[in-house]
Amino acid sequence: MSDTAGFLLIFSGPSGSGKDTVLQEILKRDDKTVVSISMTTREPRPNEVDGRDYYFVTKEEFEKHIENDEMLEWAKYDENYYGTPKAPVMKWIDEGKTVVLEIEVQGADKIRQKYPDVRSMFLMPPSIHVLEERLRARHTNTEEDIQRRLEAAKGEISRANDYDYIIVNNRLEDAVEDAIEIIFRHRRHIRENDSIDEFYYGHQYKDEVEYVNEVARVLPPVEDFSERGLK
Ligand code: 5GP
């Protein structure tokens, strides 16, 4: 038995928003958080390792897993299948872990339908321009890939408001702190059953990010919590 109840945490954000980097930092700092390793039919990038970054499988293998009901959710994104294998996630939840699902918006919809208690965070790049630069800096995508991913990113950003929390990834350290604060607070909420209704915050304000004006929530800064008696 564990002293914390496990829970699922969706972590979305367009390709190039910096999700992997933020997540690696979270894992280093919190040993109760684990990340689900997804299965995909896309080709591995040069620096990716099978079983660490993804389980890389064929289309036929993926479809077999769907048929056998072994996926918690799956989606088609950018012409490939992506999905979350069910068994390890269920085991971690039983062990009291915070299980992060790094998935895109359609997968997030499916998880919300199945598990209404799930929490979700959306990582927002500071601007579309920065996102494009980050995609280009990878040197692993063709121009056509980059354009397709930018289009997909715009579609994903327009869904950001469906998430419990929006974190703008302007400065890595701020984004990591925001994410960890969300995890700790939700853990405490489950343990002590305290209220987190007012729990929207962040290092960034929507005014600074013109293209997300209509989707981002106004987030009070973290420092304000102690004053408001929420800490
Ligand atoms: P990438 O090809 O850049 O690694 O991932 C493309 C998109 O697929 C990202 O938004 C990523 O979060 C999402 N993704 C990765 N694994 C899964 C998964 O298991 N399920 C779903 N629905 N999306 C995933």
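Please read all numbers here as calculations on a predicted model, not as lab measurements.

What counts as what
Residues numbered from 1 in each chain as written. Predicted model: local features only at pLDDT ≥ 70, side-chain atom pairs only at ≥ 80, totals over all residues. Heavy atoms only, no water. Helix = DSSP H or I, 4+ residues; strand = E, 2+ residues; numbered from the N terminus. Buried < 20%, exposed > 50% of the residue type's maximum accessible area, 1.4 Å probe, protein only. Contact = heavy atoms within 4.5 Å. Areas by Shrake-Rupley, 256 points an atom, 1.4 Å probe, with all protein chains shown as cover. Pairing = 2+ DSSP bridges. Axes fitted to C-alpha atoms, helices over the stretch in contact; angles between N-to-C directions. Phe/Tyr/Trp six-rings, centres within 6.5 Å; stacked < 30°, edge-to-face > 60°. Lys NZ or Arg CZ within 6 Å of the ring centre and 35° of its normal. Salt bridge = Lys/Arg side-chain N within 4 Å of Asp/Glu carboxyl O. Core = buried A, V, L, I, M, F, W, Y, C linked by side-chain atoms within 4.5 Å. Parallel < 35°, antiparallel > 145°, perpendicular 65-115°, else oblique. Left-handed = near helix turned anticlockwise from the far one by under 90°. Nonpolar A, V, L, I, M, F, W, Y, C, P; charged D, E, K, R; others polar.

Caption draft 1: Region of interest: the overall build of the protein chain. Secondary structure assignment for the protein chain yields 8 helices and 9 strands. Every one of the 231 residues in the protein chain was classed for burial, and the buried ones make up 47%. Across the protein chain, every contact between residues at least 6 apart in sequence was considered, and the portion connecting residues at least 24 apart equals 66%. Roughly 11900 Å² of accessible area belongs to the protein chain as shown, and the carbon and sulfur atoms make up 48% of that amount.

Caption draft 2: Here's a closer look at the sheet that holds strand β8 (residues 119-124). Read from one edge to the other, the open sheet built from 5 strands follows the order β2-β7-β1-β8-β9, with strand pairing classed as parallel. Every interior strand has two partners, whereas the edge strands, β2 (33-35) and β9 (165-168), have only one. With direction set aside, neighbouring strand axes in the sheet form an average angle of 25°. In terms of strand pairing, strand β1 (residues 7-12) meets strand β7 (residues 98-102) through 5 bridges, oriented parallel. The residue bridging Phe-11 from the neighbouring strand is Glu-102, located in β7. Those strands touched by helix α3 (residues 86-94) are β1, β2 and β7, and its axis lies near 150° from that of β7. This element, helix α7 (residues 172-192), spans β1, β2, β7, β8 and β9 of the sheet and lies at about 160° to β9.

Caption draft 3: Looking closely at the packing of aromatic side chains. Here the structure, examined in full by the defined rule, presents 6 aromatic pairs. Each ring, one from Tyr-77 and one from Tyr-82, has its centre 6.0 Å from the other, and the planes form 80°; the classification is edge-to-face. One exposure class covers both Tyr-77 and Tyr-82, and it is buried. The structure contains a cluster of three or more aromatic residues connected by ring pairs, namely Tyr-54, Phe-56, Tyr-77 and Tyr-82. The positively charged end of Lys-76 is found above the aromatic ring belonging to Tyr-81, 4.8 Å away from the centroid. The ring centre of Trp-74 lies 4.3 Å from the NZ or CZ of Lys-110, which sits over that ring.

Caption draft 4: Geometry of the pattern of salt bridges. Under the definition given, this model contains 24 salt bridges. Linking Asp-69 and Lys-86 is a salt bridge whose minimum nitrogen-to-oxygen distance equals 3.4 Å. Of the two residues, Asp-69 sits in the loop between α2 (59-67) and β5 (71-77) while Lys-86 sits in helix α3, which places them 17 residues apart along the sequence. Since its relative accessible area comes to 24%, Lys-86 is described here as partly exposed. In this structure, the salt-bridge partner of Arg-185 is Glu-181, at a minimum N-O distance of 2.8 Å.

Caption draft 5: Region of the structure containing the environment of Glu-132. Structurally, Glu-132 is set in helix α5 (residues 128-137). A residue is classified by how much of its surface remains accessible, and Glu-132, at 23% relative accessible area, is partly exposed. A sequence separation of 117 residues divides Glu-132 from Ser-15, and the C-alpha atoms of the two residues are 9.9 Å apart.

Caption draft 6: Geometry of the nonpolar core. Counting residues in hydrophobic clusters, the biggest one holds 20 residues, and the most contacted among them are Leu-8, Ile-10, Val-99, Leu-101, Ile-111, Phe-122 and Met-124. Those elements that provide at least two residues to this core are β1, α3, β7, α4 (105-114), β8 and β9. The element that contributes the greatest number of residues to this core is α4, accounting for 3 residues. Residue contacts for Ile-111: discarding those within four places in its chain leaves Leu-8, Ile-10, Leu-72, Glu-73, Leu-101, Ile-103 and Val-118. In terms of nonpolar packing, the next biggest core, distinct from the first, is built from 17 residues, Leu-23, Leu-123, Ile-167 and Ala-175 among them.

Caption draft 7: Geometry of the packing of helix α1 (residues 19-29) against α7. Packing of α1 against α7 leaves a shortest axis separation of 9 Å and a crossing angle of 55°. Relative to α7, the element α1 is oriented oblique. By crossing handedness, the relation of α1 to α7 is classed as right-handed. Where α1 approaches α7, its residues Thr-21, Val-22, Glu-25, Ile-26 and Arg-29 are matched on the opposing element by Leu-172, Glu-173, Ala-175, Val-176, Ala-179, Ile-180 and Ile-183. Within the contact of α1 with α7, the residues separate by chemical class into 8 nonpolar, 1 polar and 3 charged.

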